[in-house]
Amino acid sequence: VGLINARNEVESVQTWIDNPVLGDTLIESRYSEYRDHDGLRFPAHIVRSQGGHPVLDLQVTDVKLNPQLAFAVPEPVAKADAAIIKVDDSLIAPGVHYLTGGSHHSLAIEQKDHVVVVEAPQHEARSLAVIGKVHELIPGKPIRYLINTHAHFDHAGGLRAYVDEGATIVTHARNRSYYEKAWAAPRTLNPDRLAASNKAASFETFTDLHLLDDGTRKIEIHPIAGNGHNDAFALVYLPAEKLLVEADAYTPLPTTAPLPTSRNPFAENLLDNVQTLKLDVKQIAALHGPGLVPLSSLQAVVTAAK
């Protein structure tokens, strides 16, 4: 939807796109303060919002009409294939499956009569692939809980698939009202399964230690205090396996990569939280990166940059 004024100047353009978290999402661009540039009228001020939130505020000082420019398409882009969703399984411990195969990972934890999944990243298609893999690996047990580490789009885009699956969403208390409002938005551009089933979301929220314990395995969920990446941030700890599960606070490097020379405050903060909480961590299953690493990898990254 566009608005053109009496001077034939475009004042605004509204476009709706699909977003896995927000549903039908309005992107609105507003153009004002038109000026003459050698006979070309162009706005000096461009403002854009997405979902009602500002994402761009641009001041234009110079405009050239049709300059000669040559843009080479980067080879990785030119040769890129369509994304194929695959889910690979690595058994960390009996009943604990590390589900990788893409840029974002999940964890499936088998309990006595159900399954707990950690993280629903990216979008519905990724979640449906992970859900299918979980049912293949652990047949006959429903997915009862989905633990969400934080509300960033790339870590929350697949949550609605688990609501449709019947799972309770376990997330920081600050996230609940945000999800409820976002998921109530229309989804007409790309209806997902939850839009069709219209199931109500079930939440378990926390502000401090939250425990999922079926009598056979304890799953601890701790807020990550003081981390600049997100204000409602969580880690997962399996005490029997001495396993830490986290996203975005620390992403392990490939084994051949040199240690960083610059500080990573998020990683430093994560290590501080592990020490403050007195977690006996042996391994880290990061939800990004090349795979399972020992705690010493995080310690080395933090120490090398000091």
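Please refer to the structure higher up on the page.
Residues numbered from 1 in each chain as written. Predicted model: local features only at pLDDT ≥ 70, side-chain atom pairs only at ≥ 80, totals over all residues. Heavy atoms only, no water.

Participant: Is there a simple way to explain the side chain of Ser 49 in this structure?
Facilitator: With respect to the helices, strands and loops of the structure, Ser 49 is situated in strand 4 (residues 40-50). Given a relative accessible area of 19%, Ser 49 falls into the buried group. Contact partners of Ser 49, with chain neighbours within four places excluded, come to Leu 26, Ile 27, Glu 28, Pro 54 and Val 55. (Helix = DSSP H or I, 4+ residues; strand = E, 2+ residues; numbered from the N terminus. Buried < 20%, exposed > 50% of the residue type's maximum accessible area, 1.4 Å probe, protein only. Contact = heavy atoms within 4.5 Å.)

Participant: In this structure, what is going on with the sheet that holds strand 11 (residues 168-172)? I would like to understand it.
Facilitator: Pairing between the strands of a sheet comes from backbone hydrogen bonds, and it takes one of two forms, parallel or antiparallel. Spatially, 6-7-8-9-10-11-12 is the arrangement adopted by the 7 strands of the open sheet, whose pairing is mixed. The sheet is open, and its two edges are formed by strand 6 (88-93) and strand 12 (203-206), each paired on a single side. Neighbour to neighbour, the strand axes of the sheet diverge by 20 degrees on average, direction disregarded. Where helix 2 (residues 124-137) meets the sheet, its contacts fall on strand 6, strand 7 (96-100), strand 8 (106-110), strand 9 (115-118) and strand 10 (143-147), and the angle it forms with strand 7 comes to roughly 145 degrees. Contacting strand 11 and strand 12, helix 5 (residues 173-183) crosses the sheet at an angle of about 125 degrees to strand 11. (Pairing = 2+ DSSP bridges. Axes fitted to C-alpha atoms, helices over the stretch in contact; angles between N-to-C directions.)

Participant: Is there a simple way to explain helix 5 in this structure?
Facilitator: Given 3.6 residues to a turn, an α-helix orients residues that are three or four positions apart in the same direction. Considered for burial, the residues of helix 5 that qualify are Asn 175, Tyr 179, Ala 182 and Trp 183. An end-on view of helix 5 places all buried positions within 85 degrees of arc, on one side of the element. For helix 5, the exposed residues set more than 90 degrees away from the buried face come down to Arg 174 and Lys 181. On its buried side, helix 5 packs onto helix 3 (153-156), helix 4 (159-165), strand 11 and strand 12. (Arc of directions from axis to C-beta.)

Participant: Just checking my understanding: could you explain the pattern of salt bridges for this structure?
Facilitator: By the definition in use, this model includes 15 salt bridges. Between Asp 280 and Lys 242 there is a salt bridge, with its nearest N and O atoms 3.1 Å apart. Taken together, the residues Asp 280 in the loop between helix 7 (265-276) and strand 17 (283-286) and Lys 242 in the loop between strand 15 (234-238) and strand 16 (243-246) connect sequence positions 38 residues apart. Among the residues examined, Asp 280 registers a relative accessible area of 43% and is labelled partly exposed. Through salt bridges that share partners, Arg 7, Glu 9 and Arg 41 make up one connected network. (Salt bridge = Lys/Arg side-chain N within 4 Å of Asp/Glu carboxyl O.)

Participant: Would you take a moment to explain the pairing of strand 4 for this structure?
Facilitator: Along any regular strand, the residues point their side chains to alternate faces of the sheet. Pairing geometry for strand 3 (residues 23-37) and strand 4, over 10 bridges, is antiparallel. In the strand pairing of strand 4, Arg 30 is matched with Val 47. The antiparallel hairpin formed by strand 3 and strand 4 contains 2 residues in its connecting segment, where Asp 38 sits at a positive phi of about 50 degrees. Across 6 bridges, the pairing between strand 4 and strand 5 (residues 53-59) is antiparallel.

Participant: Explain the nonpolar core here, please?
Facilitator: Within soluble globular proteins, side chains that are nonpolar tend to cluster in buried spots. The biggest cluster of nonpolar side chains holds 27 residues, and the ones touching the most others in it are Val 134, Ile 143, Leu 159, Tyr 162, Ile 169 and Trp 183. If you list the elements that add at least two residues to this core, you get strand 9, helix 2, strand 10, helix 4 and helix 5. At 4 residues, the largest contribution of residues to this core is made by helix 4. Residues contacting Ile 169, with those up to four places away along its chain left out, are Leu 146, Leu 159, Tyr 162, Val 163, Trp 183, Ser 202, Phe 203 and Glu 204. Counting residues in hydrophobic clusters, the runner-up holds 23 residues, among them Ala 93, Leu 107, Ile 221 and Val 236. (Core = buried A, V, L, I, M, F, W, Y, C linked by side-chain atoms within 4.5 Å.)

Participant: Where do I start with the layout of surface pockets in this structure?
Facilitator: Over the atoms rolls a probe the size of a water molecule, and its path tells where empty space is left. Considering only enclosed or pocket space, the largest pocket measures out at about 270 Å³ in volume. Only strand 3 and helix 5 provide two or more residues apiece to the lining of the largest pocket. The dominant element in the lining of the largest pocket, judged by the number of residues it contributes, is helix 5, at 3 residues. A volume near 230 Å³ is recorded for the second largest pocket. Residue lining of the second largest pocket: 14 residues in total, with Arg 160, Trp 183, Ala 184, Leu 194 and Lys 199 positioned closest to the centre. Taken together, the elements giving at least two residues each to the lining of the second largest pocket come down to helix 5 and helix 6 (193-197). Here the residues of the lining of the second largest pocket sort into 9 nonpolar, 1 polar and 4 charged. (1 Å grid on protein atoms, 1.4 Å probe; cavity = no way out; pocket = protein on both sides within 12 Å on 5 of 7 lines; lining within 4 Å. Points joined across faces, edges and corners; volume = space filled by probe spheres on them. Nonpolar A, V, L, I, M, F, W, Y, C, P; charged D, E, K, R; others polar.)

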